[in-house]
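So the chains spell out like this:
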Amino acid sequence: MNESTTPTADERVATTIDKVCAVIPDYPEPGIIFRDLTPLFADGAALREVVDALLRRFEGQFDVVAGVEARGFLLASAAAYAAGVGVLPVRKEGKLPRETYAESYQLEYGTATLEIHRDDIPAGARVLVLDDILATGGTLGAAVKLVERAGLHVAGIGVVMELEGLAGRSNLTGHEVSALYTV
Ligand SMILES: O=P(O)(O)OC[C@H]1O[C@H](OP(=O)(O)OP(=O)(O)O)[C@H](O)[C@@H]1O
Ligand SMILES: Nc1ncnc2[nH]cnc12
């Protein structure tokens, strides 16, 4: 908390996230503490608060918003609409019909591959990459590599929640990473 008694916008958004996030032990497998943000997405005021907070941190620094399938799509399309820019969908493998770049990665509970179309966004565009959670950073690390392989510039990375103990930032060195809430 800051020194005055009035919480800042960032403190308020962190309180909102803390209040609405559901914590599910042993999902999807034993030993994982799953942080479920669907109650946040279901709450119009909370959704607006987090999207506005993410946009505030990167105002004027991006031309397009990338969202990582699936939960990142919810944030990216809302943010892109509010900022008046387009969306770059970073998809799980096998969903995009034209030529793609692909990157495989590990996450807290498995492995996967992400893809983007090679030519959806003009080279040189500044991309804000959004997702709900930064855990090991495997997912966002792969998304960043894809954006760069497409000749685009990563303007920054925004997440609602960072699971600090998993050191995901180590997969994202050299990039500005902003988390609204850290646990
Ligand atoms: O930092 P990491 O260890 O890579 O984990 C974070 C990723 O895990 C979750 O996605 P998930 O792959 O479960 O897919 P979903 O969005 O389709 O549920 C989450 O939405 C992030 O994208
Ligand atoms: N612990 C976790 N909770 C929710 N989503 C995740 N993605 C990776 N790890 C996660």
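Preceding this paragraph is the structure being described.
Here is what the cut-offs are and how they apply
Residues numbered from 1 in each chain as written. Chains lettered and ligands numbered in written order. Predicted model: local features only at pLDDT ≥ 70, side-chain atom pairs only at ≥ 80, totals over all residues. Heavy atoms only, no water. Axes fitted to C-alpha atoms, helices over the stretch in contact; angles between N-to-C directions. Helix = DSSP H or I, 4+ residues; strand = E, 2+ residues; numbered from the N terminus. Parallel < 35°, antiparallel > 145°, perpendicular 65-115°, else oblique. Left-handed = near helix turned anticlockwise from the far one by under 90°. Contact = heavy atoms within 4.5 Å. Nonpolar A, V, L, I, M, F, W, Y, C, P; charged D, E, K, R; others polar. Phe/Tyr/Trp six-rings, centres within 6.5 Å; stacked < 30°, edge-to-face > 60°. Buried < 20%, exposed > 50% of the residue type's maximum accessible area, 1.4 Å probe, protein only. Salt bridge = Lys/Arg side-chain N within 4 Å of Asp/Glu carboxyl O. Pairing = 2+ DSSP bridges.

(A) Highlighting the packing of helix H3 (residues 44-57) against helix H4 (residues 71-83). Between H3 and H4, whose axes approach to 10 Å, the crossing angle comes to 65 degrees. With respect to each other, H3 and H4 are oriented roughly perpendicular. The handedness of the crossing between H3 and H4 comes out as right-handed. Note on element contacts: H4 touches H3 through Leu75, Ala78, Ala79, Ala82 and Ala83, opposite Val50, Val51, Leu54 and Leu55. Classifying every residue of the contact of H3 with H4 gives 9 nonpolar, no polar and no charged.

(B) A look at the packing of aromatic side chains. Taken as a whole, this structure holds 2 aromatic pairs when the rule is applied. For the ring pair Tyr27 and Phe34, a centre distance of 5.0 Å and an interplane angle of 85 degrees mean the geometry is edge-to-face. A ring pair is formed by Phe34 and Tyr109, whose centres lie 6.5 Å apart and whose planes are at 40 degrees; its orientation type is tilted. Here Tyr109 lies in the loop between strand S5 (100-107) and strand S6 (110-117) and Phe34 lies in strand S2 (residues 33-36), a separation of 75 residues in the sequence. You can call Tyr109 partly exposed: its relative accessible area is 28%. By way of ring pairs, the aromatic residues Tyr27, Phe34 and Tyr109 are connected into one cluster.

(C) Expanded view of the pattern of salt bridges. Taken as a whole and judged by the stated rule, the model has 10 salt bridges. In this structure, Arg56 and Asp10 form a salt bridge, with 3.5 Å as the shortest nitrogen-oxygen distance. Linking Arg56 in helix H3 with Asp10 in helix H1 (residues 9-20), this pair joins segments that are 46 residues apart in sequence. On the basis of relative accessible area, Arg56 is assigned to the partly exposed category, the value being 41%. Since its relative accessible area comes to 34%, Asp10 is described here as partly exposed. For Arg71, the salt bridge identified is with Asp132, shortest N-O distance 2.9 Å. Of this pair, Arg71 sits in helix H4 while Asp132 sits in strand S7 (residues 126-134), placing them 61 residues apart in sequence.

(D) Focus on the sheet that holds strand S4 (residues 86-92). Strand order in the open sheet formed by 7 strands is S5-S6-S4-S3-S7-S8-S9, and the pairing between neighbours is mixed. Two strands bound the open sheet, and with one partner strand each, they are S5 and strand S9 (177-182). With strand direction ignored, the average angle separating the axes of adjacent strands in the sheet is 25 degrees. With 5 bridges connecting them, strand S3 (residues 64-68) and S4 associate as parallel partners. Considered in S4, the bridge of Val68 is made with Val90. Against the sheet, H1 engages strand S8 (153-162) and S9, with an angle of about 60 degrees to S9. Across the sheet, H4 touches S3, S4, S7 and S8, and the angle it forms with S7 is around 135 degrees.

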